[in-house]
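Single-letter residue listing:
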Amino acid sequence: MMQEQDNNNPQKSANYGQSVARPIVLIGMMGAGKTRLGQVLAQKLDLPFYDSDAVIERTHNTTIAQYFEKYGEAAFRETEYETFERLMENAAPMVISAGGGAVTHAKTRDIITKKACAIWLEADVSTLVRRCAGNDSRPLLKSGDPHAILSGLLERRAPLYAELAQFSVRTDRHSIDDIIQTILNGLKQCK
Ligand code: S3P
């Protein structure tokens, strides 16, 4: 419809907002654009936005890197799960950008499946590497060549992202406006 082609039409955003009945969780690799796109999407839909990493950092008064260093990855995954549990307690509509590895924890996958609509943001590995470069906040990228690490993680995680997501959107080939519009158009699959 004509309204759907106009990104700046507030009436259209309100309509999309009404069509969202539960949390939207953006999943995908580090550097896929989950936080930036999540912020824009939440604004379009007039919904609250949460970045699970930022919530963990606030709640535990730490950085993700410090948390990994002190407690290790397994403890982080459990904390990540508890964060999703708290955020989605009432399954209220909101937009959450998930840490890239959230899908590796069975309990986190389970709660997302039960309470949310997951959208997989995809990008090729060289794009992920470029976007993550110069940012030392990601502990998993510190132990070697980022391209090799991200390739390996993507290979292992892709089936999990695919299984969890209602649909996927590429974030390495289009403008933010176009990506957001594709997500908005896809929301009808989030029943
Ligand atoms: C991780 C991704 C990070 C963060 C942590 C672990 C991962 O989040 O949760 O460094 O395992 O892929 P982003 O995907 O937001 O960078």
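The shown structure was predicted, so the numbers you read here are calculated from the model rather than taken from an experiment.

**Q** Hey, could you run me through the pairing of strand β1 (residues 24–27) in this one?
**A** Looking along a regular strand, one sees the side chains alternate between the two faces of the sheet. Burial along β1 is two-sided: Ile 24 and Leu 26 facing one way and Val 25 and Ile 27 facing the other are all buried. Two strands pair when backbone bridges link them, and β1 and strand β3 (residues 95–97) are joined in this way by three bridges, in the parallel orientation. Residue pairing for β3: Leu 26 is matched across the bridge by Ser 97. Alignment of β1 against strand β4 (residues 117–122), held across four bridges, turns out to be parallel.

**Q** Would you mind showing me how to read unusual backbone geometry here?
**A** Peptide bonds are mostly trans, and most non-glycine residues show a negative phi. Positive phi is not limited to glycine here, since Asp 46 has a value of about 55°. When you line up the elements, Asp 46 lands in the loop between α2 (34–45) and β2 (49–51). Phi angles above zero are rare outside glycine, and Ala 91 is one such case at about 50°. Along the chain, the position of Ala 91 falls in the loop between α5 (73–87) and β3. Ala 91 sits in the partly exposed class, given a relative accessible area of 26%.

**Q** Which parts of the structure should I look at to understand the packing of helix α4 (residues 64–71) against α5?
**A** Geometrically, a packed helix pair is captured by the angle between its two axes and the distance between the axes. For the pair α4 and α5, the least separation of the axes is 7 Å and the interaxial angle reads 125°. In terms of orientation, α4 lies oblique with respect to α5. For the pair α4 and α5, contact is made by Ile 64, Tyr 67, Phe 68 and Tyr 71 and by Glu 73, Ala 75, Phe 76, Arg 77 and Thr 79, respectively.

Rules of the game
- The numbering scheme is per chain: residues are counted from 1 as the chain's sequence reads.
- At least 70 in pLDDT is required for a residue's local features to be given in this predicted model, at least 80 for side-chain atom pairs to be given and counted, and no such filter applies to totals for whole chains, interfaces and linings, which use all residues.
- In computing side-chain values, all of the structure's heavy atoms are included and hydrogens and water are not.
- For the exposure calls, accessible area comes from a 1.4 Å probe over protein chains only, and a residue counts as buried if that area is under 20% of its type's maximum, exposed if over 50%, partly exposed in between.
- Elements are defined by DSSP. Helices are runs of H or I of four residues or more, strands are runs of E of two residues or more, and each kind is numbered from the N terminus.
- A pair of strands is considered paired only if DSSP assigns at least 2 bridges between the two.
- Lines fitted to the C-alpha atoms define the axes, with helices restricted to the stretch that makes contact. Angles between their N-to-C directions range from 0 to 180 degrees.
- Between 65 and 115 degrees an angle is taken as roughly perpendicular, under 35 as roughly parallel, over 145 as roughly antiparallel, and anywhere else as oblique.
- Two residues form a contact once any of their heavy atoms are found within 4.5 Å.

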